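Examination of the molecular architecture
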Protein chains: 2
Amino acid sequence: MEKRSFKPGNMLYPLPAVMVTCQGKDKKPNIITVAWAGTVCSDPPMISISVRKERFSHHLLMEGKEFVVNLTNKDLVKATDYCGVTSGRDINKFEKAGLTPMASKVVEVPSIMESPVNIECKVTQVLELGSHDMFLAHVVHVSVDESLMDEKDTLRLKKADLIAYSHGRYYLLGKELGTFGYSIRKKPTKNKGKTKKKRNKKKASA
Amino acid sequence: MEKRSFKPGNMLYPLPAVMVTCQGKDKKPNIITVAWAGTVCSDPPMISISVRKERFSHHLLMEGKEFVVNLTNKDLVKATDYCGVTSGRDINKFEKAGLTPMASKVVEVPSIMESPVNIECKVTQVLELGSHDMFLAHVVHVSVDESLMDEKDTLRLKKADLIAYSHGRYYLLGKELGTFGYSIRKKPTKNKGKTKKKRNKKKASA
């Protein structure tokens, strides 16, 4: 395969595009969409988000030291984009994007009600990396839409219609291609019951 | 919308599932698949990956202080899964997964030829977070498959058929839902009213 050399740049895709809620001392919540976000540790569960110093939300994060990662889906794609390209200096993004602030369970910052999953976080460390500061945080609570639970009371995140961000475009998750560990499973069609559940659990802590 | 409380955990999805190549002092390259990976800074371009201390690749990363993030696609999903659930202590993953080591441009660690994009990285910092250590790294080179360039010599990453990882499952990227900034572009959008209606409907039924 022939390869083309590119100069060093951001080419790790797909990434999540999440709406992050935050607030400063004045307790006025804002929303910023970030794709520079990821899971960085399983135990304790930790997330990092990276935000430019110039962004309005940067000082809110520095002041409040809390945020909520609100996952985004098909119905929220326009709001997601909107909250990434506008500033809370000028507008109330909740109003403008038609989003509803909802009391969080552990942190003071509100969550976004319309989001299928709300991940409440407390900042533990801020690293200055260059254009962006990285906010490392502990996950302190997770809220999930009841509609995502199936008849066996198991979470079916697939039902959330989550979106991914890749090279300037938003995509719906498409065809399922496999489950974690499927490449070494001896008999993929059998052992559907408890064994599979156990495997899924193991995967979740990978 | 009714919400269900979950205990703190890893629920940030979708994430990339990338094959990371690395090697230690003995210069024997290995592959480890990680989903705990993300972009953390634009300038300089930086990536973080998180790896458990127990993993064979951990000491290779500590010794070599270099790695390559090899993006994964539809054709590589089985190899991707395989390299995540097996150990380089026991096997040669390149051979077993049918992958070809290819000389990288800047780092000593080889890239995976079959991967559509190879992101060469040099580790700048290692943070011990708990179950995982986070490797922060500068991107020092990017190689892209020639087949992803269009007739205007522009990169079309969509053609790579990248995959995402979400809650234990691998998905192909599906329908394109919008481009970055589309929500505030002046052109009259035909589905403006539609989106609002949908959201209102959802609220009403909550």
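Residues numbered from 1 in each chain as written. Chains lettered and ligands numbered in written order. Predicted model: local features only at pLDDT ≥ 70, side-chain atom pairs only at ≥ 80, totals over all residues. Heavy atoms only, no water.

Here the focus is the overall build of chain A. Across its full length, chain A carries four helices and 13 strands. Relative to a compact globule of 206 residues, whose C-alpha radius of gyration would be 17 Å, chain A shows 18 Å and is just as compact. Expressed as lengths along the three principal axes of its C-alpha atoms, the size of chain A is roughly 55 × 50 × 30 Å. Going through the 206 residues of chain A one by one, you find that 58% of them count as buried. Counted over contacts in chain A with a minimum sequence separation of 6, partners at least 24 positions apart contribute 59%. Only carbon and sulfur atoms are counted for the fraction: they give 50% of the accessible area of chain A, which is about 9000 Å². Looking at chain A, you have 36 positive and 22 negative side-chain charges, and the mean spots of the two groups are 11 Å apart. (Helix = DSSP H or I, 4+ residues; strand = E, 2+ residues; numbered from the N terminus. Rg over C-alpha atoms; globule rule 2.2 N^0.38 Å. Buried < 20%, exposed > 50% of the residue type's maximum accessible area, 1.4 Å probe, protein only. Contact = heavy atoms within 4.5 Å. Areas by Shrake-Rupley, 256 points an atom, 1.4 Å probe, with all protein chains shown as cover. Lys, Arg positive; Asp, Glu negative; His and termini not counted. Charge placed at Lys NZ, Arg CZ, Asp CG, Glu CD.)

This part covers the interface of chain A and chain B. Across the boundary between the two partners, chain A contributes 107 residues, which contact 103 residues of chain B. Here chain A and chain B share an interface that buries about 9400 Å² over both sides, 60% of which is from carbon and sulfur atoms. Inspection of the region where chain A meets chain B yields eight salt bridges. B:E176 serves as the salt-bridge partner of A:R169, at 3.1 Å between the closest nitrogen and oxygen. Put simply, chain A and chain B have 52 residue pairs in polar contact (both at pLDDT 80 or more) between them. Element by element, the count of residues in the side of chain A that touches chain B is highest for strand β13 (residues 169–179) of chain A, at eleven residues. Its residues assigned to classes, the side of chain A that touches chain B comprises 57 nonpolar, 29 polar and 21 charged. (Buried area = accessible area lost by both parts, 1.4 Å probe. Salt bridge = Lys/Arg side-chain N within 4 Å of Asp/Glu carboxyl O. Polar contact = N/O pair within 3.5 Å; in protein donor to acceptor, adjacent residues only side chain to side chain. Nonpolar A, V, L, I, M, F, W, Y, C, P; charged D, E, K, R; others polar.)

This next bit is on the relation of the copies chain A and chain B. Least-squares fitting of chain A to chain B yields an RMSD of 0.0 Å, with the superposition described by an axial translation of 0.0 Å and a rotation of 180°. What we have between these two chains is a two-fold relation. Nearest to the rotation axis, the C-alpha of A:G174 is located 1.9 Å from it, this being the minimum over chain A. Here 91% of the contact residues of chain A are again contact residues in chain B; the copies associate through an equivalent surface. (Least-squares fit on C-alpha atoms with pLDDT ≥ 70 in both.)

This part takes up the confidence of the model for chain A. Per-residue pLDDT for chain A has a mean of 93; in total, 90% of the residues score no lower than 70. The ipTM for the predicted assembly is 0.90, set against a pTM of 0.90. (pLDDT = per-residue confidence, 0-100.)

What follows is about the nonpolar core. Ranked by internal contacts, the top residues of the largest apolar core, which has 92 residues, are A:F67 and B:F67. Core analysis: the second largest hydrophobic core is formed by 14 residues, A:C41, A:M134, A:L136 and B:L136 among them. (Core = buried A, V, L, I, M, F, W, Y, C linked by side-chain atoms within 4.5 Å.)

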